[in-house]
Amino acid sequence: MSQPVLVPRVVADTPLDATIEGLLRGKVEVVPLDLVRSKGSASVDAEGLYTYGHPPTDGALLDRIRGLKVISNYGVGVDHIRLDDAQARGIPIGNTPGVLESTTADLGFALLLASARRIIEGDRYARSSEFVRYDPGHMLGREVHGKTLGIIGMGQIGARIARRAVAFEMTVLYHNRHRRKDVEAALAPSIAHADLDDLLARSDYVMLCTPLTDATRGLIGERTLALMKPSATLINIARGPVVDTEALTRALSDGRIAAAALDVTDPEPLPRDHPLLVLPQVVITPHLGSATVETRRRMAEVSVDNLMAGLRGEPLPHPVTR
Ligand code: DGY
């Protein structure tokens, strides 16, 4: 009788996408994270932790996975993982840079256009019984070309947003910890660095492209929203907690800013009766930044490569460094 082949055990927040399941089949045994949680403080044996839908991951969880060698995250943002806790335990973390930036920039720009040109409202109206005749005075939007886009966070995604904006004949202001002379040179004379308050005061559209860190949590709140033009739109493709949700709701309800387009919220999802969900000037998508068939496939491959390297005790192809 043949012996069962022993494969490493990997804890994961299931259910996983079918592509990932396919890539892992026969290579690892998946142990559902819910099972670990249901065991209270008892520990489980597993060599890997695969974080799929941003499960909060701290030292207490890591200590309950006996023999843990690697954490592999499906996605680039790792704000749900306590990096210090993993580092203190000598557990490397892998993520998926380099495969999703253009896709996320596309979504950011789609949100900007959808909000400015009232695509979602227009779609609902065009399907409704109210649409009985073409009215040239109806549902006027805000122009995009010729306007100023303020980009907060000029990393890989921000730089791609800037390129798209310039192609749409916009002027770009950006705020970033470090000047991006390379991006400035590529897009001159349509781009300039600005300090945060100046960017907020001068932009018609403000797009958030920063990671969530202690420095960016709550960056957009009462004070910063008050600096924005009443005609301005806030677009968030970063992380929900970069924006103070209640301050944003008040600013929109009082007409202190014109509109918002949000791919991420805090909390995520918002409670189903949250006032933001009924404001017509708000466009919301369910965290779709990198959600295309091709990009999700590449993210699956990179994250599984990281996982398997860590399980073998090898350096991760894409380690998270701080
Ligand atoms: C990311 O890459 O961080 C996206 O939010 C998908 O997880």
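Caption draft 1: Quick peek at the overall build of the chain. Along the chain, the regular secondary structure elements total twelve helices and 14 strands. Taken along the three principal axes of its C-alpha coordinates, the chain extends 80 × 50 × 35 Å. Taking all 322 residues of the chain together, the buried fraction comes to 40%. Within the chain, contacts between residues separated by at least 24 positions form 61% of all contacts whose residues are at least 6 apart in sequence.

Caption draft 2: Representation of the site of the ligand in the model. Around the ligand, the surrounding shell consists of Gly75, Val76, Gly77, Leu100, Gly289 and Ser290. Residue classes in the shell around the ligand are distributed as two nonpolar, four polar and no charged.

Caption draft 3: Quick peek at the domain arrangement of the chain. Each domain of the chain was delimited in the assignment, giving domain 1 (9-99 + 294-311) and domain 2 (101-284). If you average the C-alpha positions of domain 1 and of domain 2, the two centres end up 32 Å apart.

Caption draft 4: Focus on the sheet that holds strand β2 (residues 29-32). A sheet is described by the order of its strands in space; here five strands give the open sequence β2-β1-β4-β6-β7, paired in parallel fashion. Edge positions in the sheet fall to β2 and β7 (93-94), since each of these pairs with one other strand and no more. Here strand β1 (residues 9-12) pairs with β2 via four bridges, running parallel. Following the sheet pairing, Ala12 is matched in β2 by Pro32.

Caption draft 5: Structural context of helix α5 (residues 101-116). Taking 1.5 Å as the rise per residue, α5 with 16 residues should run 22 Å; its terminal C-alpha atoms sit 23 Å apart, in good agreement. Burial in α5 covers these residues: Glu101, Thr103, Thr104, Ala105, Leu107, Gly108, Phe109, Leu111, Leu112, Ser115 and Ala116. As for α5, its buried residues are in contact with α7 (156-167), β11 (205-208), β12 (233-236), β13 (259-262), β14 (282-284) and α12 (293-311). Directly beyond the C-terminal end of α5, a positive phi value near 55 degrees is found at Arg118.

Caption draft 6: Representation of the environment of Pro8 in the model. Here Pro8 shows up in the segment before β1. In this structure, the C-alpha to C-alpha distance between Pro8 and Arg177, residues 169 residues apart in sequence, is 41 Å. Not counting the four nearest positions on each side in its chain, Pro8 is found in contact with Val28, Glu47, Gly48 and Leu311.

Caption draft 7: Spotlight on the sheet that holds β11. Strand order in the open sheet made by the seven strands is β10-β9-β8-β11-β12-β13-β14, with parallel pairing throughout. A strand with exactly one partner marks an edge of an open sheet, and here the two such strands are β10 (191-193) and β14. Here the strands of the sheet are splayed against their neighbours by 15 degrees on average, with no regard to which way each runs. As paired strands, strand β8 (residues 148-152) and strand β9 (residues 171-175) are joined by five bridges and run parallel to one another. Each residue of the ladder has a partner; that of Thr148, found in β9, is Thr171. Strands β8, β9, β10 and β11 of the sheet are contacted by α7, whose axis makes an angle of about 165 degrees with β9.

Caption draft 8: Focus on unusual backbone geometry. For the peptide bond that leads from Asp266 to Pro267, omega is 0 degrees, which places it in the cis range. Within the fold, Pro267 resides in the loop between β13 and β14.

Caption draft 9: Focus on the pairing of β12. The alternating pattern of β12 places Thr233 and Ile235 and Leu234 and Asn236 on opposite faces, both of which are buried. When β11 meets β12, the two strands line up parallel, connected through four bridges. Its bridge partner lying in β12, Val206 is registered against Leu234. Where β12 and β13 come together, four bridges link them in parallel fashion. Its bridge partner lying in β13, Ile235 is registered against Ala261. For the crossover that starts at β12, traverses helix α11 (residues 245-253) and ends in the parallel β13, the hand is right-handed.

Caption draft 10: Quick peek at the nonpolar core. The biggest cluster of nonpolar side chains holds 54 residues, and the ones touching the most others in it are Ile151, Ala162, Val172, Met207 and Ile235. Residue contributions to this core peak at six residues, all from α5. Dropping the residues within four chain positions of it, Ala162 is found in contact with Ile151, Val172, Tyr174, Val183, Leu187 and Ile191. Core analysis: the next-biggest nonpolar cluster, separate from the first, contains 32 residues, Val11, Val31, Ile65 and Leu100 among them.

What counts and how
Residues numbered from 1 in each chain as written. Predicted model: local features only at pLDDT ≥ 70, side-chain atom pairs only at ≥ 80, totals over all residues. Helix = DSSP H or I, 4+ residues; strand = E, 2+ residues; numbered from the N terminus. Buried ≥ 20, exposed ≤ 12 C-beta atoms within 10 Å, placed from the backbone. Contact = placed C-beta atoms within 7 Å. Near = placed C-beta within 6 Å. Nonpolar A, V, L, I, M, F, W, Y, C, P; charged D, E, K, R; others polar. Domains from an automatic or database assignment. Pairing = 2+ DSSP bridges. Expected span 1.5 Å × (residues − 1). Axes fitted to C-alpha atoms, helices over the stretch in contact; angles between N-to-C directions. Right-handed = clockwise from strand over helix to strand, strands pointing away. Core = buried A, V, L, I, M, F, W, Y, C linked by C-beta atoms within 7 Å.

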